[in-house]
Each structure stands twice: as C-alpha cells, then as structure tokens.
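# An overview of the molecular structure
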Amino acid sequence: MRKPVFSASRPTRRAIGVFLSAALLTACSASLTGSKTTVLDDSLRRSADAIGTPIRDADLAAWNIDVAPDGRGLPAGSGDVAMGGKIFSAKCAACHGAKGEGSIGDQLVGGRGTLASANPKRTVGSYWPYATTLFDYIRRAMPYNAPQSLSADEVYAVSAWILNQNGIVPDDARLDAHSLASIRMPNRDGFIPDPRPGRL
Ligand code: HEC
C-alpha cells in the first residue's frame, strides 16, 4: 500500500476543514463586493512576497555546476596525471583503494570486457560513456566526506589519473575543458538513446 504523503488525526482534519470553509467563504464574499477582492489579493501577494529572500547570484552560481556530455559547463583550469595521482592517494584511496580497485567506495579502474559477462564490472573505464561526466561527478560529490572541496585544477588532475589508470589517456596527459571533452570513452556506443516519451 502506498503511504499517504500527509496524514492528520481526525480532530486535526476537522479543524483544517473548518479553516478551509471559512477561507472559501471570505474569498467568495470578497469577490462579491469588488473592492474587497483587491484588498484580499494585495494582502495575499504581500504575504507571498514575505516568504524567503531573493537568491543572490553568488549562491546560485554555487549550485549551477552541471557539465553537459559535450563539455558545456566545464570551468577553466587544467591538471595532469602526476598531480592527480598525488590527490588520489591523499583524498580518494582510503575508500576507492590505492589503484582505484575499490574498497568501501566503488571500483573505478578495470572491468573492461566484462559488461556482457555473468559478472559485469561497471567502472568509469568499462562503463561510463562520457569523460565529462567524471569531472561533473567528482566536482559535485567527491571526496564523499568533503564534497565540493576540490579546485577545478584538482578535479581535472584526478580525472586524468583515473582515466590514465583505465588506459584511456597517456601518462603525460594534462586535461582541460577542451581535451577532456574530446575523449572518446570505450563504452561510448554501449548506450542507446531513450526516446521516451514516445515509441521505444
Ligand atoms: C569516504 C569515502 C570516499 C572518499 C574519500 C571518496 N569517495 Fe568516491 N565514492 C564513495 C562512495 C561511497 C561512492 C558511491 C556513492 C553513491 O553511489 O552514491 C563513491 C563514488 C565515486 C565515483 C562514482 C563511481 C561509479 O562508478 O558510480 C567516483 C568517480 C568517485 N567516487 C571518485 C572519487 C574521487 C576522485 C575521490 C577523491 C577526490 C573520492 N571518490 C573520494 C566514497 C568515497
């Protein structure tokens, strides 16, 4: 059975009913007497304005960090595999293993060629269709215990290291918005577009 989203005891429900009836009556009588309608509308508008405060641009910018598959939204900056290795050891390995082999956090490296097997290993290297998603995910969610604490350069670097461990970029790779977006992931064609709503 679905749980009700809101449930109230019987006396509470009755009180709500009485309140709603009174509100409806007030609204009706106001609409009958023209001028009162304006008063009611104005006071409603004023109370709606009083809810919350306008969001500041800086606060909005902190939330507006999504990166599209084609790389739109990637910030300036860059980072290389060597720097990424240091960051991974210090801030990621405790949960994902020294080489990204997985521990209490997901396995990030390996698993190529296992997707069609009885024991598929879905890692960044074997499964993810876009390298840009790696940047987006790490920037917004990792390290798990301190999300959004890495600089853009650090996220580029640690992404480069994970991609390098998966054999996708060379040891001397330095990634930025342009080079990250131009990477073709091994499982890029393993996903099909989902046309819903519409015909499958
Ligand atoms: C305290 C433990 C912890 C630390 C530290 C940590 N992670 Fe994670 N990570 C997790 C957990 C748990 C998940 C799974 C989260 C989920 O599914 O909601 C995860 C998921 C991920 C994933 C997605 C894996 C997938 O295939 O879905 C990536 C990529 C990742 N972490 C990268 C990093 C990087 C890079 C760092 C260091 C900057 C890091 N993590 C630090 C615990 C951690």
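Residues numbered from 1 in each chain as written. Predicted model: local features only at pLDDT ≥ 70, side-chain atom pairs only at ≥ 80, totals over all residues.

Naming follows an unreviewed UniProt entry, where the protein chain appears as Cytochrome c class I of Paraburkholderia phymatum.

### As for the overall build of the protein chain
Scanning the protein chain from N- to C-terminus turns up eight helices and two strands. Residue burial in the protein chain is summarised as follows: out of 200 residues, 22% are buried. Looking at the protein chain alone, contacts between residues at least 24 apart form 58% of all its contacts between residues at least 6 apart. (Helix = DSSP H or I, 4+ residues; strand = E, 2+ residues; numbered from the N terminus. Buried ≥ 20, exposed ≤ 12 C-beta atoms within 10 Å, placed from the backbone. Contact = placed C-beta atoms within 7 Å.)

### Quick look at the site of the ligand
Close to the ligand lie 18 residues; C92, C95, G105, P143 and Y144 are nearest. Looking at the shell around the ligand, the elements that each hand over two or more residues are α5 (93-96) and α6 (131-141). Taken together, the residues of the shell around the ligand break down into twelve nonpolar, four polar and two charged. (Near = placed C-beta within 6 Å. Nonpolar A, V, L, I, M, F, W, Y, C, P; charged D, E, K, R; others polar.)

### A word on helix α4 (residues 81-91)
Restricting attention to buried positions, one finds in α4 the residues V81, G84, I87 and F88. End-on, the buried residues of α4 take up no more than an arc of 115°, which puts them together on one face. Every exposed residue of α4 that faces more than 90 degrees away from the buried side is listed here: S89 and A90. Its buried side turned inward, α4 meets β1 (78-80), α5 and α7 (152-165). (Arc of directions from axis to C-beta.)

### Regarding the packing of α4 against α7
Remark: α4 packs on α7, axes separated minimally by 7 Å, with the N-to-C direction vectors making an angle of 95°. By the angle between their directions, the pair α4 and α7 is classed as roughly perpendicular. Two secondary-structure elements touch here, α4 through V81, M83, G84, G85, I87 and F88 and α7 through E154, A157, V158, A160, W161 and N164. Within the contact of α4 with α7, the residues separate by chemical class into eight nonpolar, three polar and one charged. (Axes fitted to C-alpha atoms, helices over the stretch in contact; angles between N-to-C directions. Parallel < 35°, antiparallel > 145°, perpendicular 65-115°, else oblique.)

### With respect to unusual backbone geometry
With omega at -5°, the peptide bond leading from M142 into P143 counts as cis. Mapped onto the elements, P143 comes out in the loop between α6 and α7. Following R196, the chain continues to P197 via a peptide bond in cis, the omega torsion being 0°. Within the fold, P197 resides in the segment after α8 (177-181).

### Let's talk about α7
Across its 14 residues, α7 extends 20 Å between first and last C-alpha, which sits within 8% of the 20 Å expected from 1.5 Å per residue. Of all 14 residues in α7, eleven are buried; the element is thus mostly enclosed. V155, Y156, A157, V158, S159, A160, W161, I162, L163, N164 and Q165 are the residues of α7 that are buried. Where α7 is buried, its residues contact β1, α4, α6, β2 (174-176) and α8. Immediately downstream of α7, the backbone of G167 shows phi near 75°, a positive value. (Expected span 1.5 Å × (residues − 1).)

### Structural notes on the nonpolar core
L134, F135, V158, A160, W161, I162 and L180 are the most contacted members of the largest nonpolar core, which has 30 residues in total. Elements with a contribution of two residues or more to this core: α4, α6, α7 and α8. It is α7 that contributes the most residues to this core, eight residues altogether. (Core = buried A, V, L, I, M, F, W, Y, C linked by C-beta atoms within 7 Å.)

### Concerning the environment of R122
One can find R122 in the loop between α5 and α6. When the 14 C-beta atoms within 10 Å are taken as the criterion, R122 is described as partly exposed. As for R122 and G111, which are separated by eleven residues in sequence, their C-alpha atoms are 6.6 Å apart.

### A word on the packing of α6 against α7
In the contact formed by α6 and α7, the axes pass within 10 Å of each other and the chain directions differ by 130°. One element, α6, and the other, α7, form an angle in the oblique class. For the pair α6 and α7, the crossing hand works out as right-handed. Taking contact as the criterion, the partners of A131, L134, F135, I138 and R139 in α6 are, on α7, V155, V158, S159, I162 and L163. (Left-handed = near helix turned anticlockwise from the far one by under 90°.)

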